[in-house]
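Here are the chains, one letter per residue:
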Amino acid sequence: MSKVYFSTWRGEAINNLDKPEDAWEESAYKLPQQYNEHAESKAFIGWDGVALFCKDVDVVRLATEYAAQYQVYSEACGRCAPGRWGGRILYDLLDKIARGEGTVADLEHLKEVSKSMQMTSKCEIGKTVPNPLLDLMEHFESDFMDCIDNQKASKHYNKEINYIAKITAPCTDACPAHVDIPGYIEGVRDLRFDDSLKATRQTMPLAHTCGRVCPHPCEDECRRANLDSPVSIMELKRLGADYETDHEFHFFHPAEKKPSIGKRVCVIGAGPAGLTTAYYLALEGIDVDVYEELPVLGGEVAVGVPEYRMPIDKYNKDIEAVKDLGVTFITNTRVSADMMRQFEKEYDAVMIAVGTRLSKKVRCENERPEIEGYWGAIEMLDQVNLWEKYGIGEKVDLTGKTVVCVGGGFTSMDVVRCSIRANAKKVIMIYRRDEKTIIRNTTYEEYHEAVEEGVEFIFHSAVSRMNDENDVLKSLDFDRFELVPDPDGGRPQLVKIEGGGFSKEVDFLIPAVSQSADLDLLPEEWELEMTSWATILTNGKDYMTSRQGIFAAGDCEYGPMTIVNAVGQAKRAASVISRYVQNGGKITLTDDEIMEDHLRKMKVYDKKEKVTGWLAGLPRQVSEKLHVDVRKDNNKEVNLGFTQEEALSEADRCMRCYYIAMVAH
Amino acid sequence: MITFTIDGRHVTAAKGETILNVARREGIYIPTMCYLSKTTPCASCRMCVVEAEGVEGFVLSCQTPPTEGLVVNTHSDLLQDERVNIMRMYDVNHPLECGVCDKSGECDLQNKTLEFGIDRQHFSARDQIRDIKEWGRIHYDPSLCILCEKCVHVCNEIIGDDAIEVQFGGYKSTIIPKNSEQLDCTFCGECIAVCPVGALVSSEFQYRANAWELSRIPATCAHCSSGCALEYEVKTSGAASAGEERIFRVSNNFEYTTLCGAGRFHFDFGADISEGSADISEAVQAIQACDAIRFSSLITNEEALILQQLKERLGIKLYNEEARHFQEFMHAYARKSGQLHYSATLEDIKQSDAIIMIGSRISTDNPGVRYAITEAARHNGAKVSYMHPLEDVLLHNTMTQFVKYEVGTEEGVIALLAQELLKNANVNTEDKAVLDQLDEGYLSAESNVGEEEIADMMASFLRSKKRTFIVGSDVISHEQRENIAKLVGLIDAYSDFKVMVVPKHVNTLGVSLICDLDAEAGGKSVGYNAQGDFIIASSGVRHMSVPALNQQEGTFVSINKQVLPTNVALGFSGHTLNDVASCLGLSQKETIDYTRQLPEGKGFQRIAFDTLENFYDPLGKDRRGYCLQSIATNEADSVLNDVEELPEFNGTVVYHCNPVLQFNSYTASGADEEERALIGSPQFAIAAKISDGDSVEMTLGQHVIRRYFRVDNTLKGTVALNPTFDLPLGAFDGQYRFEKVKIMKVGS
């Protein structure tokens, strides 16, 4: 809810023009009324309408500036005749009226050009820029006519006003790393794979990785879903990365690395968050040292995500891209509190990106880690992956063994499918809720592939007790639950079925319920503020902890989440840090970042919007998967990715839903 | 198949066809400004929007495949209004300089402005000052540019240079060289060809003629074996004055075909009769007195047949080492493949998703093959293994694997490939035994091609469905060509690879099919477009001039095994080979009377020259000449030989290889010092004790050649590139292309 003077946002018609301020009708949307802690917004204008927060807005100039911003920002576009010339004509005509030289015929031309842009532009930005302009011309006609009739400049024509614009798209907005998704898909469609990769790497250095193992929240907010089904966004990311790798190009970085500025930042942890921080800091000419406890780089994606989902040679390419910028990596080094005290003095800033690498307990009776056969998911996957990917340690061989995993998320899926590959006799996944929920928590593909490979899923169940003989696990007792619908329509309740329990003889219990952060490295006297779930607290915008110069991002900040979430946080943190080390320790956000946060709060995607100008019914492409018989006893990559033909068909489904939003303050 | 309706007509679409594709096939007109048939849609002009029932708003026909039962309307008042508005926008600030613009008369903007009745500037926007760019042979005027993006698409998707891009900036958008200030490309000029307006024009042609003054002569390019269709544009009317009849430019049907820069820019090779003015009687006497005619493959099929008939009539020898090697190669090949001709065409390469290219620096040897590989790489994501002793930076963005083998070891490398490709094939037991018994360790060690590289190659081909194996002239000219040919023939017959054997010259294939070639020349010789004691030629030092390939009618056999007609673009007032032959008792009046007599046993047909068509139809079907019939052979008596010792090339070695745009003396006029330079890696410079910019003297067999030396940092190893285009026709033509060289610095 926002207090507005006037709004046509998302089709609402709020007009408080003649009402006293206390009788103003409110907007139903979370509009950016307060730009930042220093400034209130005067107006917000975007693809879907316009909102004025006070009376004192020069609507003619507002319209002109919006058209001007479209001109300025059209480097994102300029790709079609109506957008290219139409945008310029809109601006020239509006400015002519605003400076007091317009004619009535100009208004007619504005409407005509607007219509052509709406009907024929290539991307949504060209189609939607006229929308709020037409709204203003309709509802504030007298303001425009005043400038024309009296040949005078609009009321604030020469006044200094800040107009802040931002290009976005529903998918970009939904992506925690705010990847320029229409940009990289256009690169595929145009067969300009280097451009595609550069578009990705602007905000996401791990293109190979997030072209494979991203849970793609973007696809939940793809406008194409309003028409038929969402674009297969995630897999199209592989094309650019594969092009670079297949043709052995030098890395296509989004910008040239700046020369060293003599500032040093230390990053703890070489997982997705650490790598991302290092990448964007290094691009800015900052010297980065990354400390890693494990003997290998990559964090959980390296030692957690199995080879068949994320081949290490591909991930190593992403890591190589970071190394290519001159980042120093120090492996086999567990950072202690003493070292942290030292780092704080030595470096201009410190980033903690240690992830969450402690397996949580399942909370059953007799759950004692010393029992042989009790094996944390993280430790189990470490051993599997260190051997399979790097030949470090020992091969996991589960021949003849029965394995029970308790979980329901991605990690537990990795555990059970790795157990199948380690030749276990029987692999059982225990999950408290139902099939639908496990699919929602992971992906349909992941669940389906696990079932295909022979994992037995037991739903509505939980381990109640571990039974051991001389500290060797022998069997487990289970409780059975039923889901009782909530009469008030809330989430169904799990209720234990009395007498419904059962037991199984097992060799291993692998808890994969969740992970927590190992934060022994934090000096106690720092007294860093923590969240209620024992992760490091930041404000979620600049990622500085309660201690000056100490930043945190990724799972150790957010709790166990996705790779893309870690990347998004770290990208933002790197941007903040790069300014922090250069401007005497001030924490700032750029206008672009402020707008990014406003837009995410408003949500760019509109589930109810009717899509026009596109033919529905073009099928979403599905990439080939390795047959279960060929894959289940080895580490071959399961998802073979799109063929070129499939990729091009899929890229053609993207509607290029770029939008431009602007705040005046 | 999808059934749907366009303008009330029931139509069907195949997989991959868009609404626009189907409309064009059905003859239904939808206007476009940016659509180019041979590339992916640029989708920038938005004029091809159509209405579809049940869909609110317009649908972009160039990019949208139809759905079952869709009802499409291509014309309505609403569509017309928007198309008119798009044209009005295109006309905003477009300079009114049609009077001097090169494109006037063949300009899409002019045509569409007229078609949509735009007779005044309806909209206006502030004009902007834009600098004209001179990019070598290419002149770019951004104020004329409509940003259709055709040039960018064609450069990336068809050529592979990827040398230009759109600098995005809304109204300020412009075309710029990619990754450099100055345009760095192979100057194929395809961007000029596809430009719908006068923004990209040929610097040489600019302001020289108007489109309507030029007559178009459909012909076949004479520079390499791709046999590209082109039109020589000759000024015969308007401002032309007597003696001014010249070729002003070359154009191509860019919608479907592609030309390289040699074809487009090197058209000025007509023979001047004053340079070889001997009387025809001297030529007749020389032939009567000679033991052999030495000739090159830069001749038509008809000329080849005349030479063959002279051989038969006069009992003289025919000597053309280059074509003879090709002939020997294909003969040995046919005995294993069971077919007289190799199986693949350029179209097969374009459709491929897996390609092995071995034994040619293909991007300069045969640009047509390079472009086909580029298309496969871009459009199909083809995995391309390029195997050669020398790096080629032009193939960087098309090849997915570079396999570097040692000079001279082609036989060993192809044997290793054959072993892998035929491991599950049903080849006969003797050949199987030879393949099974290969000394892999030795071959790998000598050729430097490891088991792992071949395994990587096979892994990258795993998902491919259409595969092509291309061999070039390094193997055709190799001493072990016959055994290599057998290996390749087996691959053609028994693996899922189609095979192409790249002929070196424009008519190597035709000559090899028509002439019985002798292994020795001996004694006195007459050169026909080649060296000899008496030289009859259309270029270079000669006794008697004959017409060049743009001055005569006749046919070539292209790499596609297609018999292609070419025509007279320029007049020639002297005598032809047929005139000489007539004096020696051959009976046909015109050279093209021999077209009907080309040997049927080799796949030729008894078709008269004048009935041969020479065009592409509006949907892009090639209607030029005819294709050779495939001929089965049943000489299964040859046995694969063991691959024994592989040759070694130590020390400094040169590779006879031309720079881009250059092939032979027909392309050589106006070549600059850079093009004539010997190009080597920094290591080569050290090994030969020379440095960048030095003048060097090379001793190569009987030839002593002086060149200027250039270091190319993209090359590695001790092999340098030595151009041959500026040497007399036929020099180094038939021999193995790598040669040990003595090199001496003679100046700097």
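1. What to know about the overall build of chain B
Part 1 of the argument: A count of helices and strands for chain B gives 22 helices and 33 strands.
Part 2 of the argument: Seen through its principal axes, chain B has C-alpha atoms that stretch 80 × 65 × 60 Å.
Part 3 of the argument: Counting only residues that meet the buried cut, chain B has 56% of its 748 residues in that class.
Part 4 of the argument: Within chain B, contacts between residues at least 6 apart in sequence are counted, and of these 75% link residues at least 24 apart.

2. Points about the overall build of chain A
Part 1 of the argument: Within chain A, the secondary structure is distributed over 25 helices and 25 strands.
Part 2 of the argument: Each principal axis of the C-alpha atoms in chain A carries an extent, and together these give about 95 × 55 × 55 Å.
Part 3 of the argument: Burial status across chain A gives 52% buried among its 665 residues.

3. Quick word on the domain arrangement of chain B
Residue and element names in this part refer to chain B.
Part 1 of the argument: Taken domain by domain, chain B comprises domain 1 (2-90), domain 2 (125-265), domain 3 (273-322 + 508-627), domain 4 (325-501) and domain 5 (653-747).
Part 2 of the argument: For domain 4 versus domain 5, the distance between C-alpha centres works out to 27 Å.
Part 3 of the argument: Taken together, the 14 residues of domain 4 in the interface contact 15 residues of domain 5.
Part 4 of the argument: The class makeup of the residues in the side of domain 4 that touches domain 5 is 4 nonpolar, 6 polar and 4 charged.

4. Considering the sheet that holds strand S1 (residues 2-6) of chain B
All names here are of chain B.
Part 1 of the argument: Strand order across the open sheet formed by 5 strands is S2-S1-S5-S3-S4, with mixed pairing between neighbours. Two strands in the sheet have a free side with no partner beyond their single neighbour: strand S2 (9-13) and strand S4 (59-60).
Part 2 of the argument: Pairing between strand S3 (residues 49-52) and strand S5 (residues 71-73): 2 bridges, direction antiparallel. Across the sheet, the residue bridging to Glu51 is Asn73, located in S5.

5. Looking at the sheet that holds strand S7 (residues 43-46) of chain A
Residue and element names in this part refer to chain A.
Part 1 of the argument: Taken together, 6 strands build an open sheet; the order of strands is S3-S2-S8-S7-S25-S9 and the sheet is antiparallel. The open sheet has two edge strands with one neighbour each: strand S3 (14-15) and strand S9 (163-168).
Part 2 of the argument: The sheet contact formed by strand S2 (residues 6-7) and strand S8 (residues 49-52) spans 2 bridges and is antiparallel. By the bridge assignment for S8, Ser7 is matched with Ala51.
Part 3 of the argument: Relative to S8, helix H5 (residues 130-139) is tilted by about 55 degrees, and along the sheet it contacts S7 and S8.
Part 4 of the argument: In the packing of helix H23 (residues 591-602) onto the sheet, the strands contacted are S9 and strand S25 (659-664), and the crossing angle to S9 comes to about 65 degrees.

6. Some words on helix H25 (residues 644-651) of chain A
All names here are of chain A.
Part 1 of the argument: Buried within H25 are the following residues: Ala647, Leu648, Glu650 and Ala651. Buried positions in H25, seen along its axis, are confined to an arc of 165 degrees and lie on one side of it.
Part 2 of the argument: Where H25 is buried, its residues touch helix H8 (181-189) and helix H12 (233-246).

7. Quick word on the packing of helix H2 (residues 81-98) of chain A against helix H3 (residues 104-120) of chain A
Between two packed helices, the angle of one axis relative to the other and the distance separating the axes together describe the packing.
Residues and elements named next belong to chain A.
Part 1 of the argument: Running from amino to carboxyl end, H2 crosses H3 at an angle of 155 degrees, the nearest separation of the two axes being 10 Å. Taken together, the axis directions place H2 and H3 in an arrangement best described as roughly antiparallel. Our pair here, H2 against H3, has a crossing hand that is left-handed. Here Pro82, Gly83, Gly86, Ile89, Leu90, Leu93, Leu94, Lys96 and Ile97 of H2 come into contact with H3, specifically with Asp106, His109, Leu110, Val113, Ser116, Met117 and Thr120.
Part 2 of the argument: For the contact of H2 with H3, a count of residues per class yields 9 nonpolar, 5 polar and 2 charged.

8. Focus: unusual backbone geometry
Part 1 of the argument: The phi angle at Asn366(A) is positive, at roughly 60 degrees, despite the residue not being glycine.
Part 2 of the argument: Structurally, the position occupied by Asn366(A) is in the loop between strand S14 (358-359) and helix H17 (377-390).
Part 3 of the argument: Residue Ala43(B) is not a glycine yet carries a positive backbone phi of 60 degrees.
Part 4 of the argument: In this structure Ala43(B) comes out as buried when scored by C-beta crowding, with 21 C-beta atoms within 10 Å.

9. Observations concerning the interface of chain A and chain B
Part 1 of the argument: Counting residues at the interface gives 39 residues for chain A and 41 residues for chain B.
Part 2 of the argument: The set of elements that each furnish at least two residues to the side of chain A that touches chain B consists of H2 and H3 of chain A.
Part 3 of the argument: Counting residues per element, the side of chain A that touches chain B draws most heavily on H2(A), which supplies 9 residues.
Part 4 of the argument: A breakdown of the residues in the side of chain A that touches chain B according to their chemical character gives 14 nonpolar, 14 polar and 11 charged.

10. A look at the environment of Gly441(B)
All names here are of chain B.
Part 1 of the argument: Relative to the elements of secondary structure, Gly441 occurs in helix H15 (residues 440-447).
Part 2 of the argument: Judged by the 9 C-beta atoms lying within 10 Å of it, Gly441 is exposed.
Part 3 of the argument: Here the alpha-carbon distance between Gly441 and Glu53, two residues 388 residues apart in the chain, equals 67 Å.

11. Topic: the pairing of strand S9 (residues 174-177) of chain B
Residue and element names in this part refer to chain B.
Part 1 of the argument: Bridging between strand S8 (residues 164-167) and S9 involves 4 bridges; their strand directions are antiparallel. Its bridge partner lying in S9, Val166 is registered against Ile175.
Part 2 of the argument: Connecting the antiparallel pair S8 and S9 is a turn made up of 6 residues, with Gly170 showing a positive phi of about 55 degrees.

12. Comments concerning the pairing of strand S27 (residues 653-656) of chain B
Residues and elements named next belong to chain B.
Part 1 of the argument: Because side chains alternate across S27, one face comprises the buried residues Val653 and Tyr655, and the other comprises Val654 and His656, equally buried.
Part 2 of the argument: In this sheet, strand S31 (residues 719-722) lies alongside S27 in parallel orientation, the contact comprising 4 bridges. Of the residues in S31, the one forming a bridge with Val654 is Ala720.
Part 3 of the argument: Pairing analysis gives 3 bridges linking S27 to strand S32 (residues 738-740), with the strands arranged antiparallel. Counterpart to Val654 in the pairing with S32 is Glu739.

Definitions and cut-offs
- Sequence order sets the numbering: in each chain, residues are counted from 1 along the sequence as written.
- As a convention, the first chain written is A and the first ligand written is 1, with the rest following in written order.
- Given that this is a predicted model, residues contribute local features only at a pLDDT of at least 70 and side-chain atom pairs are listed and counted only at 80 or more, while totals for whole chains, interfaces and linings are drawn from all residues.
- Secondary structure follows DSSP: runs of H or I at least 4 residues long count as helices, runs of E at least 2 residues long count as strands, and numbering of each begins at the N terminus.
- Here a residue counts as buried when 20 or more other C-beta atoms sit within 10 Å of its C-beta, as exposed when there are 12 or fewer, and as partly exposed otherwise, the C-beta atoms being derived from the backbone.
- Here the contact rule is simple: place C-beta atoms from the backbone, and any two residues whose C-beta atoms are within 7 Å are in contact.
- How far each domain reaches was decided by an automatic or database domain assignment.
- Lys, Arg, Asp and Glu make up the charged group, whereas Ala, Val, Leu, Ile, Met, Phe, Trp, Tyr, Cys and Pro make up the nonpolar group; the residues left over, Gly among them, are polar.
- Only when DSSP finds a minimum of two bridges between them are two strands counted as paired.
- Between the N-to-C directions of two axes lies an angle of 0 to 180 degrees, each axis being a line fitted to C-alpha atoms and, for a helix, fitted only over the stretch in contact.
- Arc, as used here, means the arc of the directions from the helix axis to the C-beta atoms.
- Orientation labels follow simple angle bins: below 35 degrees gives roughly parallel, above 145 gives roughly antiparallel, 65 to 115 gives roughly perpendicular, and whatever is left gives oblique.
- Throughout, a crossing is termed right-handed when the near helix is turned clockwise from the far one, and left-handed when it is turned anticlockwise from it by less than a right angle.

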